[in-house]
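Structural characterization, general
Residues per chain are reported as follows:
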Amino acid sequence: VLSHNLCTVLNVPHDPVALEEHFRDDDEGPVSNQGYMPYLNKFILEKVQGNFDKVEFNRMCWTLCAKKNLSKSPLLISDEDAFKVWVIFNFLSEDKYPLIIVPEEIEYLLKKLTEAMGAGWQQEQFEHYKIALNTSREGLSAWELIDLIGSGQFSKGMDRQTVSMAINEVFNELILDVLKQGYMLKKGHKRKNWTERWFVLKPNIISYYVSEDLKDKKGDIMLDGNCCVEALPDKDGKKCLFLIKCHDKSFEISASDKKKKQEWIQAIQTTVNLLRAGSPPPHKEARQKRKELRQKLLAEQEELERQMKELQTANENKQKELETVRKQLEAAAARAAEEEKKRLQTQVELQDRFSLELEREKMVRQKMEEQVAQKSSELEQYLQRVRELEEMYKQLQEALEDEKQARQDEETVRKLQARLLEEESAKRAELEKWHLQQQQTIQMTEAEKQELENQRMIKEQALQVAMQQLEQLELERKEALEQYEEVKKKLETAANNTKSWKDKVAHHEGLIRLIEPGSKNPHLITNWGPAAFTEAELEQRQKSWKGKKATSE
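Because the structure is a prediction, the values reported are computed rather than measured. (Residues numbered from 1 in each chain as written. Predicted model: local features only at pLDDT ≥ 70, side-chain atom pairs only at ≥ 80, totals over all residues. Heavy atoms only, no water.)

1. Looking at the nonpolar core
Ranked by internal contacts, the top residues of the largest apolar core, which has 39 residues, are Trp-62, Trp-86, Ile-106, Leu-109, Ile-146 and Ile-149. For this core, the secondary structure elements donating two or more residues are α4 (54–69), α5 (79–92), α6 (103–117), α7 (123–136), α8 (142–150) and α9 (160–174). For this core, the element with the most residues is α5, which contributes nine residues. Setting aside its immediate chain neighbours within four residues, Ile-149 contacts Val-85, Leu-109, Leu-110, Leu-113 and Ile-167. Within the second largest apolar cluster, 21 residues are counted, among which are Met-184, Phe-199, Cys-227 and Phe-242. (Core = buried A, V, L, I, M, F, W, Y, C linked by side-chain atoms within 4.5 Å. Buried < 20%, exposed > 50% of the residue type's maximum accessible area, 1.4 Å probe, protein only. Helix = DSSP H or I, 4+ residues; strand = E, 2+ residues; numbered from the N terminus. Contact = heavy atoms within 4.5 Å.)

2. Digging into the packing of aromatic side chains
Counting across every chain of the model gives ten aromatic pairs. Judged by centre distance (6.5 Å) and plane angle (70°), the ring pair of Phe-199 and Trp-264 falls under edge-to-face. One end of the pair, Phe-199, is in strand β2 (residues 194–202); the other, Trp-264, is in helix α10 (residues 258–277), with 65 residues separating them in the sequence. The residues Phe-199 and Trp-264 share a single accessibility class, namely buried. Through a chain of ring-to-ring contacts, three or more aromatic side chains come together here, namely Trp-62, Phe-83, Trp-86 and Trp-143. (Phe/Tyr/Trp six-rings, centres within 6.5 Å; stacked < 30°, edge-to-face > 60°.)

3. What to know about the sheet that holds strand β5 (residues 228–232)
Strand order across the open sheet formed by seven strands is β4-β3-β2-β1-β7-β6-β5, with antiparallel pairing between neighbours. The open sheet has two edge strands with one neighbour each: β4 (217–222) and β5. The sheet shows a mean angle of 35° between the axes of neighbouring strands, taken without regard to direction. (Pairing = 2+ DSSP bridges. Axes fitted to C-alpha atoms, helices over the stretch in contact; angles between N-to-C directions.)

4. Overview of the domain arrangement of the protein chain
Once the domains are mapped, the protein chain shows domain 1 (1–175) and domain 2 (178–277). Look at where the C-alpha atoms of domain 1 and domain 2 centre, and you get two points 33 Å apart. (Domains from an automatic or database assignment.)

5. Focus on a nonpolar patch on the surface
On the surface, Leu-304, Met-308 and Leu-311 cluster together to form a nonpolar patch covering roughly 320 Å² of accessible area. Relative to the helices and strands, Leu-304 is located in helix α11 (residues 282–442). (Patch = residues over 30% accessible without salt bridge, like charges linked within 9 Å, V, L, I, M, F, W, Y side chains within 5 Å. Areas by Shrake-Rupley, 256 points an atom, 1.4 Å probe, with all protein chains shown as cover. Salt bridge = Lys/Arg side-chain N within 4 Å of Asp/Glu carboxyl O.)

6. Points about the pattern of salt bridges
Pairing of side chains with opposite charge becomes possible as their charged atoms draw close. Per the stated rule, a full pass over the model turns up 22 salt bridges. Of the charged contacts, one joins Arg-477 and Glu-424 as a salt bridge, the two residues approaching to 3.8 Å between their closest N and O atoms. Taken together, the residues Arg-477 in helix α12 (residues 446–507) and Glu-424 in helix α11 connect sequence positions 53 residues apart. By relative accessible area, Arg-477 is classed as buried at 19%. Measuring nitrogen to oxygen at the nearest pair gives 2.4 Å for the salt bridge that ties Arg-477 to Glu-474. Placement of the pair is Arg-477 and Glu-474 together in helix α12, with a separation of three residues, close to one helical turn. A network of salt bridges, in which partner residues are shared, links Glu-424, Arg-428, Glu-474 and Arg-477.

7. Here we look at the side chain of Glu-94
The topology assignment puts Glu-94 in the loop between α5 and α6. Look at Glu-94 and you get buried, because its relative accessible area is 15%.

8. Remarks on the environment of Leu-416
Position of Leu-416 relative to the elements: it lies in helix α11. Residues Leu-416 and Glu-300, 116 residues apart in the sequence, show an inter-C-alpha distance of 81 Å.

9. Here we look at the packing of α5 against α9
Running from N to C, α5 and α9 point in directions that differ by 35°, and their axes come no closer than 10 Å. Pair α5 / α9 crosses with left-handed handedness. Together, Asp-81, Lys-84, Val-85, Val-87, Ile-88 and Phe-91 of α5 and Ser-164, Ile-167, Asn-168, Val-170, Phe-171 and Leu-174 of α9 make up the contact between the two elements. Across the contact of α5 with α9, the residue classes break down as eight nonpolar, two polar and two charged. (Left-handed = near helix turned anticlockwise from the far one by under 90°. Nonpolar A, V, L, I, M, F, W, Y, C, P; charged D, E, K, R; others polar.)

10. Focus: the UniProt feature "domain: PH" (unreviewed entry) in the protein chain
Following the UniProt record, one finds the feature "domain: PH" (unreviewed entry) at residues 177–273. In residues 177–273, the share of helix is 16% and the share of strand is 44%. The end C-alpha atoms are 16 Å apart. (UniProt positions renumbered as here; feature names shortened; annotations may be inferred.)

11. What to know about the pairing of β2
Across eight bridges, the pairing between strand β1 (residues 180–187) and β2 is antiparallel. Along β2, the bridge assignment pairs Gln-181 with Val-200. Bridge analysis of β2 against strand β3 (residues 205–209) gives five bridges, and the strand direction is antiparallel. Bridge pairing in β3 links Trp-198 to Tyr-209. Count of turn residues in the β2/β3 antiparallel hairpin: two residues.

Listed below in structure tokens is the structure:
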């Protein structure tokens, strides 16, 4: 019976043979919901074409479930109104089982009902109800929604008829897609007479009936994107006229007043614009937008919760790391204190040991000093006899060493000065070369200037470095000259000292004879003894004297 009625309501041909074949081997008693669903999906729902009366289908489903689930407590709404609320619930509920309607959609429905009843919306009252609802569950079932509206909690002061009319108006808008309805006069196409009709505007059609009970339908005005509506001037004693132009016909209609006329023109024009754009009815589009907004907010909330969990996990990890570091610091501090204690103890022991050794060393030193003083007094007389000769020999040897060292320093300074001059010449040549290259770079074309700008900067830096090096070399050269002057002065001083010591030696020739390294060459013998120079030096000096004599002549 259930399958036959479903096929009848959905305009699907019923196949009793397929039904018997599907449940032939099922001998386990009554069929459950889960057992019936495969047959329902395969043999009934897959064959539905969409050309069925949705209200009748909803009414059949209502008949199947209302008696079992509808509250037994008395309600302020009739069974017919409860059915309409149930259908509205199915439209506004979430797309997951079990079906529930979330607080946002409950607020939307209650606002629509309150607006239809002409009452004021109590936002504060609903916020309290919403808080109490969110603490216990996510939303309401269909039967809980019927109990909420039937209890009159949000329609206090309204009679049953007003609530019923509001439910019917919201039902017509959300379920039957009724965008606007009302009485107006229509001009006939044949007899040209004016007749009052009940007009119902839907997303793609305007139907007109004899009365608002919708039992006697007189015709339809099919709407599409090519239709248009325009206002007409008053004529034939009729006022508030407007014209609906369709593909094959035009319809003249008279509203009751100017306000109704403007509302109908605006509603029809909005419907035509939606057909042109291919958009769904406004209430369905608004529902989709609310659903997308909820999904977006839910995704953002989940993302925020995920981030909070990550932050919490990271914080816990940081706390653990800080605790570990704190323990390590405490252990390190304990070790450091222990090591400091050991270090202080070792330091005290070393100080005591060093004090003992210092006292012992002082005593040994005093004994050694006494022995040295005694030995010194014994050696003083002996040393006094040879001190003058040794001092004279040392001073002469130092003078000779100073002269030799002065000559070596002079030679070193000369070589250093020559090298500095060569480096200075090379740097000057390099600077002149860079200067010439910089002059050539400046004379290049404007197109090459940008390309060579970086190279010029590098060369300028190199030039600055070279200038700094040149200045450094100049300073080194000056220092070398100063050293040369000092060495020269030392050489002169050493020569003077040598001369004076030679005179002293000559004076004391009879007392002491200097021990000097002998020359491998044979020495010249003069009347006063060995000569102070060799034959080669004598020849060189003779040539020098002859040259000076020739120059003077």
